[in-house]
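# Remarks on the overall topology
Single-letter residue listing:
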Amino acid sequence: PAPPALPYRVGHGFDLHRLAEGYKLVIGGIEIPHTKGCEAHSDGDVLLHTVTDAILGALSLPDIGQLFPDNDPTWKGASSDIFVKEAVKKMKEAGYVLGNLDCTIIAQKPKLSPHKETIRANLCKLLEAHPSVINIKAKTHEKVDSIGEERSIGCHAVIMLIRKDM
Ligand code: CDP
Ligand code: ZN
């Protein structure tokens, strides 16, 4: 049977990548100058992966790893734009628009506040949304655990989708 057409749907996303030398650091589609980058099959964009999973989660669809398996050579070094765009396409097909998106990037270094507006602008473009409904926060991990020891970067997001015809 067709799923009930709920007026709102909430989604949650989480991702974490190891940091290593020899990789570019790409967050939200923006290349950020740093000594290390995220080790991954794709470009390792922890924010775009998190946002993709938040959208897919809101729609109760299979997650990013199921849609884009990391053993598939197609996604090797892929720009994570592709994943977000596919999730946005599925959101539109299901009849939803973005209500709002709130993200928290957890990185001991580098300082992300100088890049937040650039990242937000790129997310607005990818999600075809107004800046007022997209929020990016950054936190350190107080120097503890893998994130705090600069061995990884994490990200969380919650999203609300609103049905267009309700
Ligand atoms: O003060 P509190 O422990 O709540 O937060 P923090 O982890 O020490 O981060 C303080 C502030 O630095 C954050 O609210 C962000 O605005 C900023 N920050 C950043 O720009 N880039 C990071 N990688 C981490 C934090
Ligand atoms: Zn990822």
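Overview of the structure. (Residues numbered from 1 in each chain as written. Chains lettered and ligands numbered in written order. Predicted model: local features only at pLDDT ≥ 70, side-chain atom pairs only at ≥ 80, totals over all residues.)

## Re the sheet that holds strand 5 (residues 96-106)
For clarity, the threshold we go by: Only when DSSP finds a minimum of two bridges between them are two strands counted as paired. Only DSSP runs of H or I reaching four residues or more are called helices, and only runs of E reaching two or more are called strands; each is numbered from the N terminus.
If you trace the five strands from one edge of the open sheet to the other, you get 4-1-7-5-6, paired in mixed fashion. On the outer flanks of this sheet lie strand 4 (37-38) and strand 6 (134-139), each paired with one strand and no other. As judged from the 10 bridges shared by strand 5 and strand 7 (residues 152-163), these two strands associate in the antiparallel manner. Paired with Leu101 across the strands is Ile159, a residue of strand 7.

## Structural notes on the packing of helix 1 (residues 46-58) against helix 3 (residues 81-93)
Definition in use: Axis geometry follows a simple rule: fit a line to the C-alpha atoms, using only the stretch in contact for helices, then measure angles between N-to-C directions, giving values from 0 to 180 degrees. In this scheme, roughly parallel covers angles under 35 degrees and roughly antiparallel covers those over 145, while 65 to 115 is roughly perpendicular and the rest are oblique. In this scheme, a crossing is called left-handed if the near helix is turned counterclockwise away from the far one by less than a right angle; it is called right-handed if the turn is clockwise. By the convention adopted here, residues are in contact when the distance between their C-beta atoms, placed from the backbone, does not exceed 7 Å.
Contact geometry for helix 1 and helix 3: axes closest at 9 Å, N-to-C directions at 15°. As judged from the angle between their axes, helix 1 and helix 3 are roughly parallel. The chirality of how helix 1 crosses helix 3 is left-handed. Contacts from Leu48, His49, Val51, Thr52, Ile55 and Leu56 in helix 1 reach Phe83, Val84, Ala87, Val88 and Met91 in helix 3.

## Quick notes on the environment of Leu127
Of note, Leu127 is situated in helix 4 (residues 116-127). Along the primary structure Leu127 and Ala2 are separated by 125 residues, whereas in three dimensions their C-alpha atoms are 26 Å apart. Setting aside residues up to four positions removed in sequence, Leu127 forms contacts with Val88, Leu98 and Ile134.

## Considering the environment of Leu126
Among the structural elements, Leu126 can be located in helix 4. Separated by 97 residues in sequence, Leu126 and Gly29 place their C-alpha atoms 9.5 Å apart. For Leu126, the residues in contact, after removing those within four places along its chain, are Gly29, Asp81, Val84, Lys85 and Val88.

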